[in-house]
Amino acid sequence: MPLFLKPIFLDKVWGSDNLRQFGYQLPNNHIGECWGISAHPHGKSVIENGIFAGQTLDQVWNNHREIFGDFPSKDFPLMAKIVDAAAPLSIHVHPDDSYAYEHEEGQYGKSECWYIIEADEGAKITIGTYAKSRDEFEEQLEQGTFENYLRTIQVQPGDFYFIPAGTIHSIGAGIMAYEVMQSSDISYRIYDYHRKTDNSEERELNIDKALDVINYSNELPNITPQNEVIENHNCTHIVSSDFFTMVKWDISGTLNYMKPREFCLVSVLDGQGKLIVYGDIYEISKGSNFVLTSEDLDSVFEGDFKLIISYI
Ligand code: ZN
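Attention here is on the structure that accompanies the text. Because the structure is a prediction, the values reported are computed rather than measured.

**Description of the nonpolar core**
No. 1: Counting residues in each nonpolar core, the largest one holds 38 residues, and the members touching the most others are Leu-19, Phe-68, Phe-76, Tyr-178 and Met-246.
No. 2: Aside from chain neighbours lying at most four places away, what touches Phe-68 is Leu-3, Leu-57, Val-60, Trp-61, Phe-76, Glu-262, Phe-263, Val-291 and Ser-294.

**Description of the pattern of salt bridges**
No. 1: What the rule picks out here adds up to nine salt bridges.
No. 2: Arg-20 serves as the salt-bridge partner of Asp-17, at 3.9 Å between the closest nitrogen and oxygen.
No. 3: Look at Asp-17 and you get partly exposed, because its relative accessible area is 32%.
No. 4: On the basis of relative accessible area, Arg-20 is assigned to the partly exposed category, the value being 39%.
No. 5: Note that Lys-74 and Asp-75 form a salt bridge whose closest N and O atoms lie 3.3 Å from each other.
No. 6: Overall, the relative accessible area of 67% leaves Lys-74 in the exposed class.
No. 7: It is possible to trace a salt-bridge network through shared partners that takes in Asp-192, Arg-195 and Arg-203.

**Things to note about helix H3 (residues 134-143)**
Residues that lie three or four places apart on an α-helix share one face, since the helix turns once every 3.6 residues.
No. 1: All buried positions along H3 are accounted for by Phe-137, Gln-140 and Leu-141. Looking down the long axis of H3, one finds its buried residues gathered within 105° of arc, a one-sided arrangement. Structural note: H3 exposes Asp-135, Glu-142 and Gln-143 on the side pointing more than 90 degrees away from its buried face.
No. 2: Directly after H3, the chain includes Gly-144, whose backbone phi takes a positive value near 75°.

**Considerations on the pairing of strand S3 (residues 31-37)**
No. 1: Where burial is concerned, most of S3 is hidden: seven out of the seven residues are buried.
No. 2: Of the strand pairs in this sheet, strand S2 (residues 8-16) and S3 are connected by five bridges, and their pairing is antiparallel. Looking at S3, one finds that Asp-11 is bridged to Ile-31.
No. 3: Judged from the four bridges that link them, S3 and strand S7 (residues 78-85) form a sheet pairing that is antiparallel. Across the sheet, residue Trp-35 finds its bridge partner in S7, namely Lys-81.

**Considerations on the packing of aromatic side chains**
No. 1: Under the counting rule described, the total for this entry stands at 21 aromatic pairs.
No. 2: Ring centres of Trp-61 and Phe-71 lie 6.1 Å apart, and the angle between their planes is 50°; on these two criteria the pair is classed as tilted. Taken as a pair, Trp-61 in helix H1 (residues 57-63) and Phe-71 in the loop between H1 and S7 lie far apart in primary sequence, 10 residues in all.
No. 3: With relative accessibility at 1%, the residue Trp-61 sits in the buried group.
No. 4: We classify Phe-71 as partly exposed; its relative accessible area is 21%.
No. 5: Members of the aromatic cluster, each reached through a chain of ring pairs, are Trp-61, Phe-68, Phe-71, Phe-76 and Phe-263.
No. 6: When the ring centre of Phe-22 is taken as reference, the NZ or CZ atom of Lys-286 above it lies at 4.9 Å.

**Observations regarding the sheet that holds S2**
No. 1: Taken together, six strands build an open sheet; the order of strands is S2-S3-S7-S14-S9-S12 and the sheet is antiparallel. The sheet is open, and its two edges are formed by S2 and strand S12 (160-163), each paired on a single side. Strand-to-strand twist in this sheet, taken as the mean axis angle between neighbours without regard to direction, amounts to 25°.

**Notes on the environment of Ile-116**
No. 1: Its place among the elements puts Ile-116 in strand S9 (residues 112-119).
No. 2: Its relative accessible area of 0% is what places Ile-116 among the buried residues.
No. 3: Measuring from C-alpha to C-alpha, the distance between Ile-116 and Ile-175 comes to 7.2 Å, with 59 residues separating the pair along the chain.
No. 4: For Ile-116, the residues in contact, after removing those within four places along its chain, are Val-155, Gln-156, Pro-157, Gly-158, Asp-159, Tyr-161, Ile-175, Met-176 and Ala-177.

**Some remarks on the pairing of strand S10 (residues 124-129)**
It is a general feature of regular strands that their side chains alternate between the two faces of the sheet.
No. 1: Most of S10 is tucked away: five of the six residues are buried.
No. 2: Bridge analysis of S10 against strand S11 (residues 150-154) gives four bridges, and the strand direction is antiparallel. Directly across from Thr-129, in S11, lies its bridge partner Leu-150.
No. 3: In this structure, S10 lies alongside strand S13 (residues 169-171), joined through three bridges in antiparallel fashion. Bridge pairing in S13 links Thr-126 to Ser-170.

**What to know about the side chain of Ser-184**
No. 1: Structurally, Ser-184 is set in the loop between strand S14 (175-182) and strand S15 (188-191).
No. 2: For Ser-184, the side chain forms a polar contact with the main-chain oxygen of Tyr-108, separated by 3.1 Å.
No. 3: Looking at Ser-184, its side chain comes within polar contact range of the main-chain nitrogen of Ile-186, at 3.4 Å.
No. 4: Discounting residues that sit within four places of it in the chain, Ser-184 has contacts with His-40, Met-79, Tyr-108, Gly-109 and Lys-110.

What counts, and at which threshold
- Residues numbered from 1 in each chain as written.
- Predicted model: local features only at pLDDT ≥ 70, side-chain atom pairs only at ≥ 80, totals over all residues.
- Heavy atoms only, no water.
- Core = buried A, V, L, I, M, F, W, Y, C linked by side-chain atoms within 4.5 Å.
- Buried < 20%, exposed > 50% of the residue type's maximum accessible area, 1.4 Å probe, protein only.
- Contact = heavy atoms within 4.5 Å.
- Salt bridge = Lys/Arg side-chain N within 4 Å of Asp/Glu carboxyl O.
- Helix = DSSP H or I, 4+ residues; strand = E, 2+ residues; numbered from the N terminus.
- Arc of directions from axis to C-beta.
- Pairing = 2+ DSSP bridges.
- Phe/Tyr/Trp six-rings, centres within 6.5 Å; stacked < 30°, edge-to-face > 60°.
- Lys NZ or Arg CZ within 6 Å of the ring centre and 35° of its normal.
- Axes fitted to C-alpha atoms, helices over the stretch in contact; angles between N-to-C directions.
- Polar contact = N/O pair within 3.5 Å; in protein donor to acceptor, adjacent residues only side chain to side chain.

Structure (structure tokens):
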């Protein structure tokens, strides 16, 4: 039985009410993130259907590991969310697993991948630095000129970017992105535009840890999407990394889905239709998030929609 999940909304200084277009009832008009699939302690998805209704994803992960193919990881390993940046996110960086394990009490590090859903004309992301060493970057920070050392790229809807741990990054204003990532919420902020939150304080920066983890090699990860047509549907392998694989499907009609792993994360980014599992029909539409479990071997998608499916 697929696990349909209730979205979690997060207030952000850079948020807005754009996520209403996913059919979500937002609690206010400065929502920056919708966590669609999460078992992270900072936001645990609640299951909406079936025998596990009302339980959180991490509860089911801990007590019924068999429906995840007995996957050998203490915590549910992935997260999927939508980020809506009315204003830019802070310039920040995430640690890798070994740094996070040592400095953040055994937590996961964070590599992430973005699929750009919407982008205003000229909207930009920041990804990577031209500084060649910690000393060079630190000097630029002290002189207030570090922004000249950041790589910015104009983006368009349909673009995607893999952000390995250690890559400085930020989503710029006017961008909505779907993100898949390791289940981690550790960010080291480098710069936050001296913005103030509701309590008139600037958000905390974590410069020392950021300098520790930044990758100064200035290489962008080389990801080349692989397109294929399966049963008349377009399927794009966006990224395959050590941490996750992310695949976009443009479905029109009926797809008998061959689940590639014991469990997969699925988000509907556009359109609507049905998921049929062993004859049980689930209506799905833009904004739906669910996990296909090891029991869901006979899954059929029917309708016109765009999905992103992720797995390890
Ligand atoms: Zn990030």
